[in-house]
Amino acid sequence: MTLKPVSFEVMASEGEARAGYLRTRRGVIETPVFMPVGTLGTVKGMRFEALESPELDARVILGNTYHLWLRPGAEIIRACGGLHRFISWERALLTDSGGFQVWSLGALRRVTEDGVEFRSHIDGQCCFLSPEVSMEVQAALGADIVMAFDECAPGDASHDAARASMELTARWAARSRHRFDVMQLEMMDAGRTPAGDGFSGAQALFGIVQGAAHIDLRRESLARTIDVGFDGYAIGGLSVGEEKSVMYGVVEEIAPLMPRERPRYLMGVGTPEDLIEAVARGVDMFDCVLPTRNGRTGQVWTSHGKVNIKNARWVADTRPLDERCGCSVCRRHSRAYLRHLYVVGEMLAGILLTHHNLAFFLDTMRGVRQAIRSGNFMQFRREFLEQTRSGDE
Ligand SMILES: [Zn+2]
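Just so you know, these numbers come straight off a predicted model, no measurement behind them. (Residues numbered from 1 in each chain as written. Predicted model: local features only at pLDDT ≥ 70, side-chain atom pairs only at ≥ 80, totals over all residues. Heavy atoms only, no water.)

Q: I'm lost on the coordination of the zinc ion in this one. Help?
A: Put simply, the ideal angle at a metal is 109.5 degrees for four donors in tetrahedral geometry and 90 or 180 degrees for six donors in octahedral geometry. Bound to the zinc ion are the protein donor atoms Cys325 (SG), Cys327 (SG), Cys330 (SG) and His356 (ND1), situated 2.1 to 2.3 Å from the metal. Each of the four donor atoms bound to the zinc ion contributes to angles spanning 98 to 120°, and the resulting shape is tetrahedral. Site description for the zinc ion: donor spacing in sequence, C-x1-C-x2-C-x25-H. Here histidine 356 lies in helix α14 (residues 347–373) and cysteine 325 lies in the loop between β16 (305–308) and α12 (328–332), a separation of 31 residues in the sequence. (Donors = N, O, S within 2.8 Å, 3.2 Å for Na, K, Ca; no water. Tetrahedral: all angles 85-135°; square planar, octahedral: opposite > 155°, others 65-115°. Helix = DSSP H or I, 4+ residues; strand = E, 2+ residues; numbered from the N terminus.)

Q: It is not clear to me how the sheet that holds strand β2 (residues 17–24) should be interpreted in this structure. Could you clarify?
A: In space, the three strands of this open sheet follow the order β1-β2-β3, with antiparallel pairing throughout. The sheet terminates laterally at β1 (7–14) and β3 (27–31), the two strands that pair on one side only. Within the sheet, the average angular offset between the axes of one strand and its neighbour, ignoring direction, is 15°. By the bridge criterion, five bridges tie β2 to β3 in an arrangement that is antiparallel. (Pairing = 2+ DSSP bridges. Axes fitted to C-alpha atoms, helices over the stretch in contact; angles between N-to-C directions.)

Q: Help me understand the sheet that holds strand β11 (residues 204–209) in this model?
A: Where strands meet in a sheet, backbone hydrogen bonds hold them as pairs that are either parallel or antiparallel. Taken in spatial order, the eight strands of this open sheet run β4-β14-β13-β12-β11-β10-β6-β5, and their pairing is parallel. Two strands in the sheet have a free side with no partner beyond their single neighbour: β4 (33–36) and β5 (60–63). Across the sheet, the mean angle separating the axes of adjacent strands is 25° when strand polarity is ignored. Taken strand by strand, helix α6 (residues 131–141) contacts β6 (92–95), β10 (145–147) and β11, and its axis lies near 160° from that of β10. (Contact = heavy atoms within 4.5 Å.)

None of the figures reported here should be taken as evidence of function without further support.
This is the structure we're talking about:
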């Protein structure tokens, strides 16, 4: 029997929302899932023990191909046994393709049919990334889930510009698939595991749907991506400055058309509210820098909405960040203390606020899964949104 690189099973659904299991070679991921972002081989401010603890229990984290390729370099990570061994993380890893990061360099890049030439944001050196190079770097990193190399159009791209970009993404998807398959046969995957326990030893490859805000292009992109054939399908190019209603509209139209028997991943999204709204539209996987990045800038999410820890209101407030949160930060520390740490610039501030934010995101997704399984998701969604918007801190 040939095992698939990943297998996905929907166990319960309510409307378009699904709860399932994504089986990878490094364990089972319950979906819908939020994946913390570990750009440079670290989820900033978080020790791996905390990510693995029952309190957070992150089953999968992200690595960024672009950043790891520039520093420390793919060959160094390969020489250290792949990204899992390099960072000492035995659970699942997903790497992005580098396409989005290169796109965010803006004027520093030049796109051709072959790939993207750009100047490194670190030393200005000229670099070249293509579907083939991206697959080679991601094989050296050895993540369990690899993303196809895509081109992202701006959120407000015209129909013509978005079509050209979407068609390029479709051609790059086929090239990604081809190079990836050759390297899997050549066993170039540095994170390879012996197949066992019903898990495959191989990497999985996900395709990405583009097309900016144009639904007809999104549909065509999805059809062309499915034609190439992937282990999972992602919606890319959202959360890039478009109106929130545009993002929800694209997800609402596209997610239900994505293959039911494959995981659906909405890239780079979003707030807890966005996650719940996208789950309601059929999405299974998410990643976003918000909980970690905002933790470092003093912004936290709570069951009553966002709290800015810098606010003078909290100067002597002895309550936790969120009375309903069971995380170790909320069990131990007051807003007054966290505000003090932040204001005086102690590094523990970012660590503790990031910890709470990740606990809040991951716990929200636990609640989402539980609600879908017990048929209460619509009620959960309504109550969550009502409470978040109440602003009653
Ligand atoms: Zn907390």
